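The chain contents come next:
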Amino acid sequence: MVRDWSSVFDLGDTDHEDLLEHFDRAWFQGNEYRYLSDARHGVERGTAILDDVVVRGYPSMPRALVLEPAVHEVFDGPVAVEEKLNGYNVRVARVDGDLLAFTRSGFVCPYTTRKVATTLDADGFFEDYPEYMLCGELVGPENPYTEHDYPEVDEAAFYVFGIRHRETGGPMPVARRRECCVTYDLDPVRHYGTFTPAAAVSTAKETIRDLDARGREGVVLKSTDGRRALKYTTSAIHRADLEHAFALPFDYGRDFIFTRVIREAFQAVEFDDPPDRVRERARKLGEAILLPAVETVRAVDADDPVGETHTVRADPEVVEALLSYFRDKGLELAIERDRTEDGERVVTFTKVARSTRDKTAYYLSGGTIDE
């Protein structure tokens, strides 16, 4: 029997067939599934359909440029303050007995699924909560999506920041989610406490200063029912984003760059930086922009690959499936190292930034810009 998708997705007057047309198709372990790589008709990006099972995407989260007015605008009751980690967003669900890891776009990643299976003991949780999914951040080295390392993470770790109903996407309240993490021995993101909105602003600012000094990403503020949230990030992560973007200057859009600079401007005002601190921000921002761009031009001039470099470690077939997925997506991969350690395949590869490489080479050979 074909499931009535109109009973699952609240589409109003939109025909559910129109929504389903926007789902991409993929395969995992020989089974076809569909995933929504961009939000449509109020349905979250990353929503996946496996036969008649729905795994909802994780909702987008608004960002505060100025904490105090944003917090008072969004929250009218207690606010939980938690750390925002710099990894990649993963939803873990059990479907037909299999533990599957979904990336933000809804792709069932073979590498992430394998990593989660070896690092996360979630059998007890899913036995008691089979209709729920664990939402978390996979952080640490040896992953194919991000480059940020944490000193407390040796290989890879999964930190839970949300538990949601698999089909409806409804969140579990913060206190209950934290209790589940204790009960089932799941690693949670750091929780700084639950406060009134005014106290949450003060705590968030103090926390941001500490996280910034340690090069960490930021905070998430949530209503206690988990339904409303704001994110706010550190100056350190703004610079890290810019360093990454300007290492690949022709592959990242101007909007990406503009937003990071604007965040710094608003943060400098809200934190009431004195002139010398503003100048220090400006100096660091300029270095984050120029130094990686210079390194990239020199690398292209030397005919070295430029792009995002990652190392992955897993069973040989898992690594091959991951590399095949990237190639199927049209990515050019430069394999830097490929070896076997203790029966696992360890590959260091670069996702070649072709636009940056080709345009930089063009300008180095005498190409001009029309301005």
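These lines cover the structure that appears in this document, whether it is placed above or below. (Residues numbered from 1 in each chain as written. Predicted model: local features only at pLDDT ≥ 70, side-chain atom pairs only at ≥ 80, totals over all residues. Heavy atoms only, no water.)

### Notes on the sheet that holds strand β14 (residues 333–341)
- Judged by pairing direction, the sheet is antiparallel, and its 3 strands sit side by side in the order β13-β15-β14 without closing on themselves. Two strands close off the open sheet at either side, each with one partner strand: β13 (307–314) and β14. Taking each pair of neighbouring strands and ignoring which way they run, the sheet shows an average axis angle of 10°.
- Strand direction decides the pairing type here: β13 and strand β15 (residues 344–352), joined by 8 bridges, are antiparallel. Note that in β15 the partner of A314 across the bridge is R345.
- Contacting β13, β14 and β15, helix α10 (residues 316–328) crosses the sheet at an angle of about 15° to β15. (Pairing = 2+ DSSP bridges. Helix = DSSP H or I, 4+ residues; strand = E, 2+ residues; numbered from the N terminus. Axes fitted to C-alpha atoms, helices over the stretch in contact; angles between N-to-C directions. Contact = heavy atoms within 4.5 Å.)

### Here's the deal with the side chain of R345
- Take R345: it is sitting in strand β15.
- Side-chain polar atoms of R345 contact the side chain of E320, separated by 2.8 Å.
- Among the polar contacts made by the side chain of R345, one reaches the side chain of D338 at a distance of 2.7 Å.
- Once residues within four sequence positions are removed from consideration, R345 is found in contact with V312, R313, A314, P316, V319, E320, L323, D338 and R339. (Polar contact = N/O pair within 3.5 Å; in protein donor to acceptor, adjacent residues only side chain to side chain.)

### Quick notes on the packing of helix α3 (residues 110–119) against α10
- Relative orientation of the contacting elements α3 and α10 amounts to 145°, with a least axis distance of 8 Å. Residues P110, Y111 and R114 of α3 form the contact with α10, whose own contacting residues are V318, A321 and L322.
- Residue composition of the contact of α3 with α10, by class: 5 nonpolar, no polar and 1 charged. (Nonpolar A, V, L, I, M, F, W, Y, C, P; charged D, E, K, R; others polar.)

### What about a nonpolar patch on the surface?
- Residues F250, Y362, Y363 and I369 make up a contiguous nonpolar surface patch of roughly 370 Å² in combined accessible area.
- Here Y362 lies in helix α11 (residues 354–364). (Patch = residues over 30% accessible without salt bridge, like charges linked within 9 Å, V, L, I, M, F, W, Y side chains within 5 Å. Areas by Shrake-Rupley, 256 points an atom, 1.4 Å probe, with all protein chains shown as cover. Salt bridge = Lys/Arg side-chain N within 4 Å of Asp/Glu carboxyl O.)

### Here's the deal with helix α7 (residues 235–247)
- Across its 13 residues, α7 extends 18 Å between first and last C-alpha, which sits within 8% of the 18 Å expected from 1.5 Å per residue.
- Turning to α7, its buried residues number three or more, namely S235, A236, I237, H238, R239, D241, L242, A245 and F246.
- Its buried side turned inward, α7 meets α6 (197–213), β12 (229–233), α8 (254–270) and α9 (275–301). (Expected span 1.5 Å × (residues − 1). Buried < 20%, exposed > 50% of the residue type's maximum accessible area, 1.4 Å probe, protein only.)

### Regarding the packing of α7 against α8
- Axis separation between α7 and α8 bottoms out at 10 Å; the angle between their running directions is 155°. Taken together, the axes of α7 and α8 are roughly antiparallel relative to one another. The element α7 and its partner α8 pack so that their crossing is left-handed. Of the residues in α8, those touching α7 at S235, H238, D241, L242, A245 and F246 are F256, I257, R260, V261, R263, E264 and Q267.
- The class makeup of the residues in the contact of α7 with α8 is 6 nonpolar, 3 polar and 4 charged. (Parallel < 35°, antiparallel > 145°, perpendicular 65-115°, else oblique. Left-handed = near helix turned anticlockwise from the far one by under 90°.)

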